[in-house]
Amino acid sequence: MSLDALLLSRLQFAFTLAFHIIFPSFTIGLASFLAVLEALWLATRREAFQRLYLFWLKIFALSFGMGVVSGVVMSYEFGTNWSVFSKISAGVIGPLLAFEVLTAFFLEASFLGVMLFGWRRVGPGLHFAATCLVAFGTLVSAFWIISANSWMQYPVAFAALPDGRLTATDWVAVVFSPTFPERFAHMVLAAYLSTALMVGAASAFALWRDPRQSESRIALRMAVGMCLAVAPLQLLVGDASGKDITHRQPAKLAAIEGFWETRAGQPFHIVAWPDRGRQKNDFEVSIPKLGSWVTTGDAAATVKGLKAFAPRDRPPAAVVFWSFRIMVGLGLAMIGLGAWGALLWWRGGPERSRLFLAAAMLMGPAGFVAVIAGWTTAEVGRQPWVIYGVMRTASAASPVTAPEVSASLIAFLVVYAIVFAAGALYILRQIAQGPLAAEPPLAGTGAPGTPLAAATEPEP
Amino acid sequence: MSGLDLPLIWAGVIALAVLLYVLFDGFDLGVGILFAFARTPADRDTMMAAIAPYWDGNETWLVLGGGGLLAAFPGAYAALMPAFYLPIMLMLLALILRGVAFEFRSHGRRRGRAFWTFAFAAGSITAAVAQGFVLGGFIHGVTLKGGAFAGGPLDWASPYSFVVAAGVVAGYALLGAGWLMIKTRDALHGDARRWASLAAPAVALLLAAVSVATLFVHPQVASRWGWTDHGFDLSRLTRLAAIPAMGAAGLVTIAVGLARRSQGGPFVGAVVVFLSGYLGLAASFFPYVAPYGLTFRQAANTNSALALLFGALVIILPVILGYVAWVYWLFRGKVGADAGYH
């Protein structure tokens, strides 16, 4: 494997993963949202909940399809591009990845069909059960993938065999590795927040045009409630996860905070540009001692800097420093949005402030950006290791050539650009039509969004 | 679980997953291949509705094939994936375009709809061709050094693998046509019957061509079937004779089904033909998972991982098969006017 092929494989994996993670983030949240909407509909029989369900079901189907096909890619890229990693680590994480397929993917795929196409074939109770099973499946999937990734972040309970392969010595300890609980909670909350922001943005758009649109008024309040409750909770969970990093991945922490020297009372850099070559930051804007406090809870504590690690063991500091700040900055904006919306709600209704509606629309994609920034922090911050402290990314790659990986990377860029553009267009078009376009299922043959309905609809 | 031969059990499980993938996704890829030949947009809508509730579940068997191979036989996964880098990437990209087409096609307007119609047909054909390249390259053998792939990026490409790819496309088209005969009525049902009657002879021809070519190109396989260095050994062939006989029986089932205007006969026949081809491959290559340098025992994961996986599998797999069967039963019968969502 040449250096070029290694670099191209890293770019390809980063690109395909960043593209993929958008859709699970959205569908984990949407599936739970749909389950809540269907439960509310079954309990109250209010048509508004059914309309909202059907409206978001169409967007769910579009996103889920994109998540499935971009996810299949991941399960093969471990072998095509990272075969040495696969071979060495399969004794530990192989079963976790297989469990994801067995316990989550089949469940989601099978009951999604019932959710989308089963309205006339099953009763309301069974249909609701299908929705709940899909929502459960998305969470189970997140469980296994975060479990595998957490083990790679902080490997425990394994031994090396004479031929170099790793084997698990305690499966429970592998599945529930020390960083897993906070990271799983962090990801699920991130998915719920990302979805709440999208639901909020779509509702805000409908209310911008017609502040009396009743379905969107309900959905906006649900989104505001979710933001109000979950965004601050996410800050606490994220902080717990960060404290984990202080102890378990000190090099990543030093990169996140832009610490070069090891010292007591580290400052917190609000802005800085870490320069690897000169081993210092440019353009620092800092608050004294706050850095030690946010990372350890003690303003006087001594925290390691990047210089404590050999240059070949340091992650790329600038990427990690900024991706972390983008994530946290957006998280704080979400807390603000939730509080603002709640205040307006208390004073008579969030739709009465056009400024708030504009802010809610602007924040629509913020969750996805924060998720990608967060994963960039986690994965780039782990470098140069693929399994922290055990295996370097550079020794994990497949024996494939640079021309092969160039060809596939270019093809992924082209195909994903087409798929993303089309998917975004179709989702935005649904949002532009609003929930009123979602007909109750028994009103006509072929509900909206179906091949049959589309075939009979007049061309616009 | 010390009494169990876990690597052997897992070889069977992975083989079963791949077989189920080929049969399940085979018919829905086949419908995509036939998409190009549909007469009217309404026929294409019906064709898509005939597979829409199943395709995602069908493709999950491919993920189990990949993820299961990684988990159970990491040595094979690590050796084979780089060897077939280009065809696998081609397959994944094709599956992306045809997979999103299920939803996107119903959202597109005039040009978007035409594009996704094309993407669905072209993606299905390309995915089948790419799988044929992988199979052809696999039969051809993989260059290994120390258990890792040590060949070139185009090792899989040979005239032989192009014939195999043609066979896979014809085979999937046959499965797809058989499925459409079960799920549709009237004119489209008639078209599906015609497609099946064209695909079946093509499959018979290509299956025979691939089988004979394999015997000539690969002495190891020929020896399994009786053509050894010391002449012809009839006893070896007779032991395996049931497999080609099964293929012939499948083809006869298709022919009789078509002649008697049976609804499900041709599909059942096509499944039997695939089964015979699959067993033929298994008989030719067992115990190799990467011909001809890596056996399933050499490629197997640690016993601890295999035991954990097996413990989970005996509980989960029956449940999966149960609800997959339930979903197929739920959407049984001809595709009607209420086929769309909701």
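Report follows, based on the coordinates. (Residues numbered from 1 in each chain as written. Chains lettered and ligands numbered in written order. Predicted model: local features only at pLDDT ≥ 70, side-chain atom pairs only at ≥ 80, totals over all residues. Heavy atoms only, no water.)

Here we look at a nonpolar patch on the surface
All names here are of chain A. Among the surface-exposed residues, Ile 270, Val 271, Val 285 and Ile 287 lie close enough to one another that they form a single nonpolar patch of about 280 Å² accessible area. Elements with a minimum of two residues in the nonpolar patch: strand S4 (268-275) and strand S5 (280-287). By the secondary structure assignment, Val 271 is in strand S4. (Patch = residues over 30% accessible without salt bridge, like charges linked within 9 Å, V, L, I, M, F, W, Y side chains within 5 Å. Areas by Shrake-Rupley, 256 points an atom, 1.4 Å probe, with all protein chains shown as cover. Salt bridge = Lys/Arg side-chain N within 4 Å of Asp/Glu carboxyl O. Helix = DSSP H or I, 4+ residues; strand = E, 2+ residues; numbered from the N terminus.)

Here we look at the packing of helix H3 (residues 83-117) of chain A against helix H14 (residues 303-330) of chain B
Contact pair H3 of chain A / H14 of chain B: the axes reach a minimum separation of 10 Å and the direction vectors enclose 10°. With respect to H14 of chain B, the element H3 of chain A is oriented roughly parallel. Contacts between H3 of chain A and H14 of chain B involve Gly 91, Pro 95, Ala 98, Phe 99, Leu 102, Thr 103, Phe 106, Leu 107, Ser 110, Phe 111 and Val 114 of chain A from the former and Ala 305, Leu 308, Leu 309, Ala 312, Leu 313, Ile 316, Ile 320, Tyr 323, Val 324, Trp 326, Val 327 and Leu 330 of chain B from the latter. Residue composition of the contact of H3 of chain A with H14 of chain B, grouped by class: 20 nonpolar, three polar and no charged. (Axes fitted to C-alpha atoms, helices over the stretch in contact; angles between N-to-C directions. Parallel < 35°, antiparallel > 145°, perpendicular 65-115°, else oblique. Contact = heavy atoms within 4.5 Å. Nonpolar A, V, L, I, M, F, W, Y, C, P; charged D, E, K, R; others polar.)

As for the side chain of Arg 314 of chain A
Residue and element names in this part refer to chain A. With respect to the helices and strands, Arg 314 occurs in the loop between strand S6 (302-303) and helix H10 (317-346). Despite its burial, Arg 314 remains without a salt bridge, the nearest opposite charge being carried by Asp 313 at 8.4 Å. Reaching out from Arg 314, the side chain makes a polar contact with the side chain of Gln 279 at a distance of 3.2 Å. Beyond its immediate stretch of four places on either side in the chain, Arg 314 contacts Trp 260, Arg 276, Gln 279, Leu 306, Lys 307, Phe 309, Gln 383 and Pro 384. (Buried < 20%, exposed > 50% of the residue type's maximum accessible area, 1.4 Å probe, protein only. Lys, Arg positive; Asp, Glu negative; His and termini not counted. Polar contact = N/O pair within 3.5 Å; in protein donor to acceptor, adjacent residues only side chain to side chain.)

Observations regarding the interface of chain A and chain B
How large an interface is tends to be reported as the accessible area lost when its parts come together. Counting residues at the interface gives 86 residues for chain A, matched by 74 residues for chain B. Taken over both partners, the interface formed by chain A and chain B buries close to 7300 Å², and the fraction arising from carbon and sulfur atoms is 74%. Looking at the side of chain A facing chain B, the largest losses of area belong to Tyr 76, Phe 106 and Phe 117 of chain A, adding up to 11% of the total buried there. There are zero salt bridges connecting chain A and chain B. Broken down by secondary-structure element, the contributors of at least two residues to the side of chain A that touches chain B are helix H2 (47-80), H3, strand S2 (166-168), helix H13 (402-433) and helix H14 (451-456) of chain A. When residues in the side of chain A that touches chain B are grouped by element, the largest group, 24 residues, is from H3 of chain A. Of the residues contributing to the side of chain A that touches chain B, the split by class is 54 nonpolar, 23 polar and nine charged. (Buried area = accessible area lost by both parts, 1.4 Å probe.)

Focus on the pattern of salt bridges
All names here are of chain A. Applying the stated rule across the entire model yields 22 salt bridges over all chains. For the salt bridge of Asp 210 with Arg 212, the shortest nitrogen-to-oxygen distance reads 3.5 Å. In this structure, the salt-bridge partner of Glu 351 is Arg 221, at a minimum N-O distance of 2.9 Å. With a gap of 130 residues between them, Glu 351 in the loop between H10 and helix H11 (354-362) and Arg 221 in helix H7 (residues 214-248) connect regions that are remote in the sequence. Three or more residues are tied together by salt bridges with common partners; here these are Asp 275, Arg 278, Lys 280 and Asp 282.

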